[in-house]
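Overview (structure and organization)
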Amino acid sequence: MKVTVIGTGYVGLVTGACLADVGNEVMCLDVDPARIAALKDGIVPIHEPGLPEIVGRCAAGGRLHFTTDTAEATAFAELQLICVGTPPDEDGSADLRYVLAAARSIAEHAHGYKAVVTKSTVPVGTGDRVAAALREVLESRGLEADFDVASNPEFLKEGAAVEDFMRPDRIVVGADTQRMVGLLRQLYAPFQRNHERMVVMDVKSAELTKYAANAMLATRISFMNEMANLAELLGADIEMVRKGIGSDPRIGFDFLYPGCGYGGSCFPKDVQALLRLSHGHEDGELRVLDAVHRANAAQKQVLPRKVLREFGGDIRGKRIAIWGLAFKPNTDDMREAPSRDIVRTLLDAGASISAYDPVARKEAERVMAGLPRLTLADSAMEAATGADALVVVTEWKEFRSPDFAQLKSVLKRPLVFDGRNIFDPATMRQLGFRYFGIGRP
């Protein structure tokens, strides 16, 4: 099949590359000339394991193309996938300007039938607005409104997006015509050869499914974080509690790991957007989700409070090492990352920071530019050298089993605050460290 993908951000580039990798001919459109030029040169602007190899292979094979020409991209394929960003507006709602602009651009250049599919995470009712935008422009051109609109939300985890796309656990399709369903069934046939993974529903239900999925996962994280805080006060070990409740098949172990809060491009944005969507609906008020949002904001301050408490409330002149800046491992994404709140709070309290992340240094230089007393180290041990304490924020694999003897020797004090519980408390104490985890006695 021929497919046009509008937007070469995280979702668009992964989608386009993976579709091309199974034999489709894909054209990726973006309005950013520098990004398209880089992609044509084989430079992938995001960190995602396996993606550069697929992009290079498919581009060399003539199955993956990049352009800034809207007319060319619209004419290229009947199937048009909208994968542009929906950043939070000032009130927390999703900003749909780029989605609607993409729809209008399709209509401005369309000749004949177009199947317009929104993969961006959008509020319920966006499909109607996309259809209205298409119809308005087509009618202004004196053309028949020959199109279908569908919602096909993505469920990709950063750091494992290629694997998630190639081996999906479900493919949600919201469509109102058999023609559109048939096209998407053909598109996704290579990804569901073992068994049927496509779940077909109406457009609005598909749009809500994506928000509900992310809200549920965020809820599990915030619930475990609050349980961890309580466990610590009661002298219980949250890791033992996690194993106890996760063994129940009705609960399971996924997303039951306590830490220093969730971040990234999805959970914070989607939770806020869903809360905003519920405003004004008396019987649809999302009280639980509002608590999830507030609990997550509070959790990002748990580690700084531990540090301050250990130093008697005064960390002026202290040097704190930070391991991990990305919001999760295997990505360079720092959007809404807990590290940003933690670093800011410690700096505001008068400390200096030496931080290290295996991948996110360039992004850190951008988002943390201008922060006083912050240096970015080239290695984990360099960050820890001369520090009064180490704070682990992101659970990168290389942090799991460091040379503890060396770590102890380079720190001014053998003091570790483990925001992801990657170390065993008993082992750390045997090694001579003063150790603080999340929800651990």
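This text follows the structure it describes.
Residues numbered from 1 in each chain as written. Predicted model: local features only at pLDDT ≥ 70, side-chain atom pairs only at ≥ 80, totals over all residues. Heavy atoms only, no water.

What about the packing of aromatic side chains?
According to the stated counting rule, one finds 10 aromatic pairs in the structure shown. Between Phe417 and Phe436, the aromatic rings sit 5.1 Å apart at their centres with planes inclined by 10°, giving stacked as the arrangement. Here the residue Phe417 occupies a position in strand β13 (residues 415–418), and Phe436 occupies one in strand β14 (residues 434–436), the gap between them amounting to 19 residues. Classification of Phe436 by relative accessible area gives partly exposed; the value is 22%. The cationic tip of Lys2 hangs over the ring face of Phe76; the distance from NZ or CZ to the ring centre is 5.0 Å. Seen from the ring of Phe155, Arg170 lies directly overhead, with NZ or CZ sitting 3.7 Å from the centre. (Phe/Tyr/Trp six-rings, centres within 6.5 Å; stacked < 30°, edge-to-face > 60°. Helix = DSSP H or I, 4+ residues; strand = E, 2+ residues; numbered from the N terminus. Buried < 20%, exposed > 50% of the residue type's maximum accessible area, 1.4 Å probe, protein only. Lys NZ or Arg CZ within 6 Å of the ring centre and 35° of its normal.)

Looking at the nonpolar core
Counting 59 residues, the largest nonpolar core has Ile320, Ile322, Trp323, Ile353 and Leu407 as its most contacted members. Setting aside residues no more than four positions away along its own chain, Leu407 makes contact with Trp323, Met381, Ala384, Leu390 and Phe433. Counting 45 residues, the second-largest nonpolar core is a separate cluster that includes Val3, Val5, Cys83 and Ala175. (Core = buried A, V, L, I, M, F, W, Y, C linked by side-chain atoms within 4.5 Å. Contact = heavy atoms within 4.5 Å.)

Let's talk about the side chain of Thr121
Checked against the element boundaries, Thr121 lands in the loop between β5 (114–118) and α6 (126–140). In this structure the side chain of Thr121 is engaged in a polar contact, spanning 2.9 Å, whose partner is the side chain of Lys210. (Polar contact = N/O pair within 3.5 Å; in protein donor to acceptor, adjacent residues only side chain to side chain.)

A look at a nonpolar patch on the surface
A cluster of nonpolar residues, Phe223, Met227, Leu230, Leu233 and Leu234, forms a patch on the protein surface that exposes about 530 Å² of accessible area. Tracing the backbone shows Leu234 in helix α9 (residues 203–234). On the basis of relative accessibility, which here comes to 64%, the residue Leu234 falls in the exposed class. (Patch = residues over 30% accessible without salt bridge, like charges linked within 9 Å, V, L, I, M, F, W, Y side chains within 5 Å. Areas by Shrake-Rupley, 256 points an atom, 1.4 Å probe, with all protein chains shown as cover. Salt bridge = Lys/Arg side-chain N within 4 Å of Asp/Glu carboxyl O.)

Details of helix α3 (residues 51–60)
For α3, every residue scored as buried is listed here: Leu51, Ile54, Val55 and Cys58. Here the buried residues of α3 occupy an arc of 100° about the axis, which is enough to place them on one side. Check the buried side of α3 and you find it contacts α1 (10–21), β3 (64–67) and α7 (161–166). Positive phi appears at Gly62, one or two residues downstream of α3, with a value of about 80°. (Arc of directions from axis to C-beta.)

What about unusual backbone geometry?
Phi is positive for Glu336, which is not a glycine, with a value near 60°. Inspection of the secondary structure puts Glu336 in the loop between β9 (319–323) and α14 (338–348).

Structural notes on the packing of α9 against helix α12 (residues 287–299)
Where α9 meets α12, the closest approach of the two axes is 9 Å, and the angle between their N-to-C directions is 55°. In this view, α9 runs oblique relative to α12, as classed from their interaxial angle. Where α9 crosses over α12, the two elements pack in a sense that is left-handed. Along its contact with α9, which presents Ala215, Ala218, Thr219, Ser222, Asn225, Glu226 and Asn229, the element α12 presents Val288, Leu289, Val292, Ala295, Asn296 and Gln299. (Axes fitted to C-alpha atoms, helices over the stretch in contact; angles between N-to-C directions. Parallel < 35°, antiparallel > 145°, perpendicular 65-115°, else oblique. Left-handed = near helix turned anticlockwise from the far one by under 90°.)

Here we look at the pairing of strand β4 (residues 79–82)
Of the two faces of β4, the one holding Leu79 and Leu81 and the one holding Gln80 and Ile82 are both buried throughout. Bridge count between strand β1 (residues 2–6) and β4: 4 bridges; the pairing is parallel. Its bridge partner being in β4, Val3 is matched across the sheet by Leu79. Across 4 bridges, β4 lies against β5 in parallel orientation. (Pairing = 2+ DSSP bridges.)

Points about the packing of helix α13 (residues 302–310) against α14
Taken N-terminus to C-terminus, the directions of α13 and α14 make an angle of 30°; their axes are 9 Å apart at the nearest point. Between α13 and α14, the angle is such that the two are roughly parallel. The interaxial crossing formed by α13 with α14 has right-handed handedness. Where α13 abuts α14, its residues Leu303, Pro304 and Val307 lie against Ile342, Thr345 and Leu346. Per-class residue counts for the contact of α13 with α14 are 5 nonpolar, 1 polar and no charged. (Nonpolar A, V, L, I, M, F, W, Y, C, P; charged D, E, K, R; others polar.)

Concerning the pattern of salt bridges
Applying the stated rule across the entire model yields 26 salt bridges. When the shortest N-O distance is used, the salt bridge between Glu310 and Arg434 registers 2.6 Å. Here Arg434 lies in strand β14 and Glu310 lies in helix α13, a separation of 124 residues in the sequence. When its relative accessible area of 45% is taken as the criterion, Arg434 is described as partly exposed. Put simply, Glu365 and Arg361 hold a salt bridge, and the shortest N to O gap is 3.2 Å. Here Glu365 pairs with Arg361, and both are found in helix α15 (residues 361–367), just 4 residues apart, close to one helical turn. Using a relative accessible area of 43% as the deciding quantity, one classes Glu365 as partly exposed. Its relative accessible area of 30% is what places Arg361 among the partly exposed residues. Residues participating in the shared-partner salt-bridge network are Glu158, Asp333 and Arg335.

A few points about the side chain of Ser354
Residue placement: Ser354 occurs in strand β10 (residues 352–356). For Ser354, a relative accessible area of 2% corresponds to the buried category. Those residues in contact with Ser354 that sit more than four places away from it in its chain are Arg319, Ile320, Ala321, Ile322, Thr375, Ala377, Glu382 and Ala383.

Here we look at the environment of Lys408
Note that Lys408 resides in helix α17 (residues 404–410). Residues Lys408 and Ala384, spaced 24 residues apart in sequence, show a C-alpha to C-alpha distance of 9.2 Å. Aside from chain neighbours lying at most four places away, what touches Lys408 is Pro414, Leu431, Gly432 and Phe433. At 3.2 Å, the side chain of Lys408 and the backbone oxygen of Leu431 are in polar contact.

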